[in-house]
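Next come the chains, spelled out residue by residue.
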Amino acid sequence: MSLYQKIENIKAQIIDTERLLEMVVDHPIMAESLKEKLNELESELKSLSSESYEAKVRLLFSGDAVVGSMGIKSTFLGKTLKPFQEMVRTQAALIRFGKVGKRGAPKKGIASDLYLTALPIGSFGVELSQIESEDLFDAQDMTEAMKNVAKLIQDTSIDDNTFEKAIENTPKRNLSHLKNFLEELYDENSMLKIECHDLGLEIKEPKVAEAYQRVTKTSDESEDVFLTGILRGILLDSGKFEIQTISGKKRSGFINPDLDEETLIEYDRKFLNETCELHLQKHRTKFVTGKEKINYELLEIFE
């Protein structure tokens, strides 16, 4: 049972106990017994540590890809799990960057491969887990990455403004993975339930369709840009960079997750406040509302 399920189970018991207490509030024996049980349940709820990380996520589906609680199309799983894995992998890399300044540079990259560890039923679905690492920080980063991806999917289903804000803080490579993931759900008329750590959410079929249409109508064009400028900063805490062009314009954006910490530290040492050549990728994202966002991704710095 996930932490989310444990929390929801205890909350349900608390509600039931409170209702019983209201019914027998004047009974001297039963009322005291229920009050004692209520205190125990509330103490148990508080004792569940949100710092206990287990890198697991449950995805539940419905619709044409699922036959009751008996099975799910293997082709559907293959087409949905690959983009979901890639979204988690990209997000985990960014999270690892963000933690470098707080706990020192990690000796190795995060173990971000997910394994199929269970087939939960309720509709029908899969449980994906990180099982190849016993590193506490790996489990923490992967859990956070899974929750961030779940929140991105949920934000995409809410409305245009919420989606645009979510994409603003999301690596552009995840836009195509998000589209591929939602496309399979849409084609099979499936809802989506996600449970991860203390997070649980459900997106009904109509909202899945809205999310897919919203992403489909969003275009992302990319081009390589080479320019001469001055490096103003590399922020390991946020995985971002800032530069100033020769003409005085400021540019900022995400650091490519494939650049390791040692390389970034060397860039900072050699080029901070110095004129250098920068290889960037320019992303132009156009939304269905007509709004447009331009973001930059740092790929390389050289003399």
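On a predicted model such as this, the values are computed, not experimentally measured, just so you know.

K.L.:
Just checking my understanding: could you explain the sheet that holds strand S10 (residues 250-255) for this structure?
P.N.:
Backbone hydrogen bonds hold the strands of a sheet together, and the pairing may be parallel or antiparallel. In space, the 5 strands of this closed barrel follow the order S8-S9-S10-S12-S11, with mixed pairing throughout. Between one strand axis and the next, the sheet turns by 50° as a mean value, whatever way the strands run. As paired strands, S10 and strand S12 (residues 292-302) are joined by 3 bridges and run parallel to one another. In the strand pairing of S12, Phe-254 is matched with Glu-297.

K.L.:
Looking at this structure, I do not really get the environment of Ile-153. What am I missing?
P.N.:
With respect to the element layout, Ile-153 can be found in helix H4 (residues 136-158). With 10 residues separating them in the primary sequence, Ile-153 and Phe-163 have C-alpha atoms 8.9 Å apart. If we skip the residues at most four places from it in the chain, Ile-153 touches Phe-84, Met-87, Leu-178, Phe-181, Leu-182, Leu-192, Ile-194 and Ile-203.

K.L.:
It is not clear to me how the nonpolar core should be interpreted in this structure. Could you clarify?
P.N.:
Soluble globular proteins: nonpolar side chains tend toward being buried together. Grouped together as the largest cluster of nonpolar side chains are 44 residues, with contacts concentrated most on Leu-59, Phe-61, Phe-84 and Ile-153. The element that contributes the greatest number of residues to this core is helix H3 (residues 74-103), accounting for 8 residues. Apart from the residues within four sequence positions on either side, Phe-84 is in contact with Val-57, Leu-59, Leu-114, Leu-128, Val-149, Ile-153 and Phe-181. Grouped together as the second largest cluster of nonpolar side chains are 18 residues, Leu-236, Ile-243, Ile-255 and Cys-276 included.

K.L.:
Which parts of the structure should I look at to understand helix H2 (residues 28-47)?
P.N.:
Three- or four-residue spacings in an α-helix give side chains the same orientation, since the helix completes a turn every 3.6 residues. Taking 1.5 Å as the rise per residue, H2 with 20 residues should run 28 Å; its terminal C-alpha atoms sit 29 Å apart, in good agreement. Those residues of H2 not exposed but buried are Ala-31, Leu-34, Leu-38 and Leu-41. Each buried residue of H2 lies within a common arc of 90° when the element is viewed along its axis, so the set occupies one face. Among the exposed residues of H2, those pointing more than 90 degrees away from its buried face are Pro-28, Ile-29, Glu-36 and Ser-47. Looking at the buried positions of H2, the neighbouring elements they touch are helix H1 (3-23).

Rules of the game
Residues numbered from 1 in each chain as written. Predicted model: local features only at pLDDT ≥ 70, side-chain atom pairs only at ≥ 80, totals over all residues. Heavy atoms only, no water. Pairing = 2+ DSSP bridges. Helix = DSSP H or I, 4+ residues; strand = E, 2+ residues; numbered from the N terminus. Axes fitted to C-alpha atoms, helices over the stretch in contact; angles between N-to-C directions. Contact = heavy atoms within 4.5 Å. Core = buried A, V, L, I, M, F, W, Y, C linked by side-chain atoms within 4.5 Å. Buried < 20%, exposed > 50% of the residue type's maximum accessible area, 1.4 Å probe, protein only. Expected span 1.5 Å × (residues − 1). Arc of directions from axis to C-beta.

Purely geometric numbers; function is a separate question.
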